[in-house]
Amino acid sequence: MNATPSSPSAAPRIVTGPHGPYFSFGGPLRFRGEGFVASAGEPFAYRWYDKDRLVLGRRMEDQLRMAACYWHSFVGTGTDPFGDATFARPWHDGGDAMQQALHKADVAFEMFQVLGVPFFTFHDRDIAPEGATLAESNDNVKRLADVFEEKMAKTGVRLLWGTANLFSHPRYMAGAATNPDPDVFAYAAAQVRNVLEATHRLGGANYVLWGGREGYETLLNTDLGRELAQMGRFLALVVEHKHKIGFKGQILIEPKPAEPTKHQYDFDVASVHGFLRTYGLEHEVKLNIEQNHALLAGHTFEHEIALAQALGIFGSLDMNRGDEMLGWDTDQFPHNVQQVALAMYQVLQGGGIGAGGLNFDAKLRRQSIEPDDLVWAHASAMDVCARALLVAEKMVTDGALQRHLQARYAGWEGERGRAILEGRMSLEDLAREVEQHRLEPRPRSARQERLEHLVAGYL
Ligand code: XLS
Ligand code: NI
Ligand code: NI
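Structure report, in brief. (Residues numbered from 1 in each chain as written. Chains lettered and ligands numbered in written order. Predicted model: local features only at pLDDT ≥ 70, side-chain atom pairs only at ≥ 80, totals over all residues. Heavy atoms only, no water.)

A short note on the overall build of the protein
Logical step 1: Looking only at helices and strands, the protein has 16 helices and 14 strands in total.
Logical step 2: In terms of overall dimensions, the protein is globule-like: its C-alpha atoms have a radius of gyration of 24 Å, near the 23 Å expected for 459 residues.
Logical step 3: A principal-axis box enclosing the C-alpha atoms of the protein has dimensions of 85 × 60 × 45 Å.
Logical step 4: Counting all 459 residues of the protein, 50% fall into the buried class.
Logical step 5: Partitioning the intrachain contacts of the protein with sequence separation of at least 6 by distance along the chain shows that 73% fall at a separation of at least 24.
Logical step 6: By element, 54% of the accessible surface of the protein is carried by carbon and sulfur atoms, the whole surface being about 21,800 Å².
Logical step 7: Distance between charge centres in the protein, computed from 47 positive and 59 negative side chains, equals 5 Å. (Helix = DSSP H or I, 4+ residues; strand = E, 2+ residues; numbered from the N terminus. Rg over C-alpha atoms; globule rule 2.2 N^0.38 Å. Buried < 20%, exposed > 50% of the residue type's maximum accessible area, 1.4 Å probe, protein only. Contact = heavy atoms within 4.5 Å. Areas by Shrake-Rupley, 256 points an atom, 1.4 Å probe, with all protein chains shown as cover. Lys, Arg positive; Asp, Glu negative; His and termini not counted. Charge placed at Lys NZ, Arg CZ, Asp CG, Glu CD.)

Printed below as a string of structure tokens:
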């Protein structure tokens, strides 16, 4: 380990690996406020991400709990279905697979420090190579977890969540838990056990399951009912093991309607909630909601957040937008302040992000080939989220939206409304009420445009 000289005089130093600094930013990015003007000496500073600023009584860093993900940034190479790799990453060649993994870890922690991002996330296969046997693969993961433990202690970076990659390897082509072959189910279970334990050891706040291959292409070869039962059993085993090892983090499912399978079982918040209740897991498992997965399911991000909160299963967020014109998961960094603000408003109204966080499950466009593009992408996204949080704070403190909502539902706070909800009135009672009092409900404006104008004012 050696330290690189940092450019702005008093800035703390960044710990890099033996390959030296990968990014041109010598010290952690600083907060310089809205008036910041980039210069050769300081090409980037946060304009809104001021981690210690109090927002509704909590530090901004704690309201957002932002995380950089390992996979897109350090595994991705810029390939697309038509094109080869465009990113030349030095840790992808040179040395054996384990040496490459160590090099990758050095660069990852260098980036976390430059950004000052408090959390990271990973899949087992992102951090360590697959071995010849499962035992070897699991051992590789454990060795990297040792390395992480040391780096986390040195840098203060924490783990938002870990997850197992149960979708890349051909053994999982027909699903992991939902595979027609129980041996694959067993293999997936063994892999999850290992990552869950590594996540626990690293003090992870959550453990995520995204069922990329838990779905199907055609019913001609699929027994849907059987596969759902298998998935229910798998999740129960994960929950059981969590309690056995004393993992206190949240277990999260990440819904997505399709891609890679044509029809994914964890379609959206509503369908996952139904699934959890069917298998009696609604008090054990929460949701990791991804912005673009919501859009692909035909919902807004804020709809999925509000629904999960209403059902008591809100867990965490993956902050990556899609493209309005493209119907697939483009995993772009957030840049639309209004979109993020509307989501953050729901998060705040529902009591905050809790043990979850805002994970950038986002990747560079394949023409962004410079190392520093990784920093620019994350830092810009962090700044956009910070700004969106400040907008959401205004929406909360001003209170006009909330007042409108209260006025709109005020009837339900009255005697008749309460009697209905508390089950004190039958259909006959209600019919009598209407007749006796000659009730004739009068439609009232919902004022959508006026509220939209209010939102424009908070931006
Ligand atoms: C893919 C998912 C994936 C999960 C983690 O679309 O978003 O990246 O977040 O397995
Ligand atoms: Ni996704
Ligand atoms: Ni995701």
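Things to note about the site of ligand 1
Logical step 1: Close to ligand 1 lie Trp71, His123, Trp161, Trp210, Glu254, Lys256, Glu290, His293, Asp318, Asp329 and Asp361, which account for all nearby residues.
Logical step 2: Separating an oxygen atom of ligand 1 from a side-chain N or O atom of Glu254 is a distance of 2.6 Å.
Logical step 3: Interatomic distance of 2.9 Å between a side-chain N/O atom of Asp329 and an oxygen atom of ligand 1.
Logical step 4: Considered on its own, ligand 1 offers 290 Å² of accessible surface; in the complex 94% of this is hidden by protein. (Near = heavy atom within 4 Å. Polar contact = N/O pair within 3.5 Å; in protein donor to acceptor, adjacent residues only side chain to side chain.)

Considerations on helix H11 (residues 337-349)
Logical step 1: Along its 13 residues, H11 runs 18 Å from first to last C-alpha, staying within 8% of the 18 Å computed at 1.5 Å per residue.
Logical step 2: Within H11, burial applies to Val337, Val340, Ala341, Ala343, Met344, Tyr345, Val347 and Leu348.
Logical step 3: Residues of H11 that are buried in the fold lie against helix H1 (60-64), helix H10 (301-310), strand E13 (314-318), strand E14 (358-360), helix H12 (371-398) and helix H13 (400-408).
Logical step 4: The N-capping residue of H11, defined by a side-chain oxygen 3.1 Å from the backbone nitrogen of Gln338, is Asn336.
Logical step 5: Following H11 by one or two positions, Gly351 has its phi on the positive side, about 105°. (Expected span 1.5 Å × (residues − 1).)

Some remarks on the coordination of the nickel ion (ligand 3)
Logical step 1: At the metal site, the nickel ion (ligand 3) is ligated by Glu254 (OE), Glu290 (OE), Asp318 (OD) and Asp361 (OD), and these contacts range over 1.9 to 2.2 Å.
Logical step 2: Coordination at the nickel ion (ligand 3) is octahedral, judged from the six donor atoms that bind it and the angles of 78 to 175° they form at the metal.
Logical step 3: Summarised as a motif, the one-chain spacing of the donors to the nickel ion (ligand 3) is E-x35-E-x27-D-x42-D.
Logical step 4: A distance of 3.8 Å spans the gap from the nickel ion (ligand 3) to the nickel ion (ligand 2), which Glu290 bridges by coordinating each metal. (Donors = N, O, S within 2.8 Å, 3.2 Å for Na, K, Ca; no water. Tetrahedral: all angles 85-135°; square planar, octahedral: opposite > 155°, others 65-115°.)

A short note on the sheet that holds strand E10 (residues 250-253)
Logical step 1: In spatial order, the strands read E5-E6-E7-E8-E10-E12-E13-E14; together these eight strands close into a barrel with parallel pairing. For this sheet, the mean inter-axis angle between neighbouring strands, taken without regard to orientation, is 30°.
Logical step 2: Summarising the sheet, E10 and strand E12 (residues 285-290) pair through three bridges and their orientation is parallel. Bridging across to E12, Ile251 finds its partner in Val285. (Pairing = 2+ DSSP bridges. Axes fitted to C-alpha atoms, helices over the stretch in contact; angles between N-to-C directions.)

A few points about unusual backbone geometry
Logical step 1: Cis geometry is found at the peptide bond from Glu259 to Pro260, where omega equals 10°.
Logical step 2: Examined against the element boundaries, Pro260 turns out to sit in the loop between E10 and strand E11 (263-264).
Logical step 3: Even without being a glycine, Asp331 presents a positive backbone phi close to 50°.
Logical step 4: One can find Asp331 in the loop between E13 and H11.
Logical step 5: Phi at Arg447 is positive, roughly 60°, even though this residue is not glycine.
Logical step 6: With respect to the helices and strands, the residue Arg447 is situated in the loop between helix H15 (427-437) and helix H16 (448-458).

Focus on the packing of helix H6 (residues 182-201) against helix H7 (residues 224-245)
Logical step 1: It is at 11 Å that the axes of H6 and H7 come closest, and there the two elements cross at 30°. Relative to H7, the element H6 is oriented roughly parallel. For H6 against H7, the interelement crossing comes out right-handed. Where H6 approaches H7, its residues Phe185, Ala188, Ala189, Val192, Arg193, Leu196, Glu197 and His200 are matched on the opposing element by Gln230, Arg233, Phe234, Leu237, Val238, His241, Lys242 and Ile245. (Parallel < 35°, antiparallel > 145°, perpendicular 65-115°, else oblique. Left-handed = near helix turned anticlockwise from the far one by under 90°.)

Description of the side chain of Asn320
Logical step 1: For Asn320, the position within the fold is in the loop between E13 and H11.
Logical step 2: For Asn320, a relative accessible area of 0% puts it in the buried group.
Logical step 3: Side-chain polar atoms of Asn320 contact the side chain of Glu290, separated by 2.7 Å.
Logical step 4: In contact with Asn320, not counting residues within four places along its chain, are Glu290, Gln291, Asn292, Asp329, Asp331, Gln332, Asp361 and Ala362.

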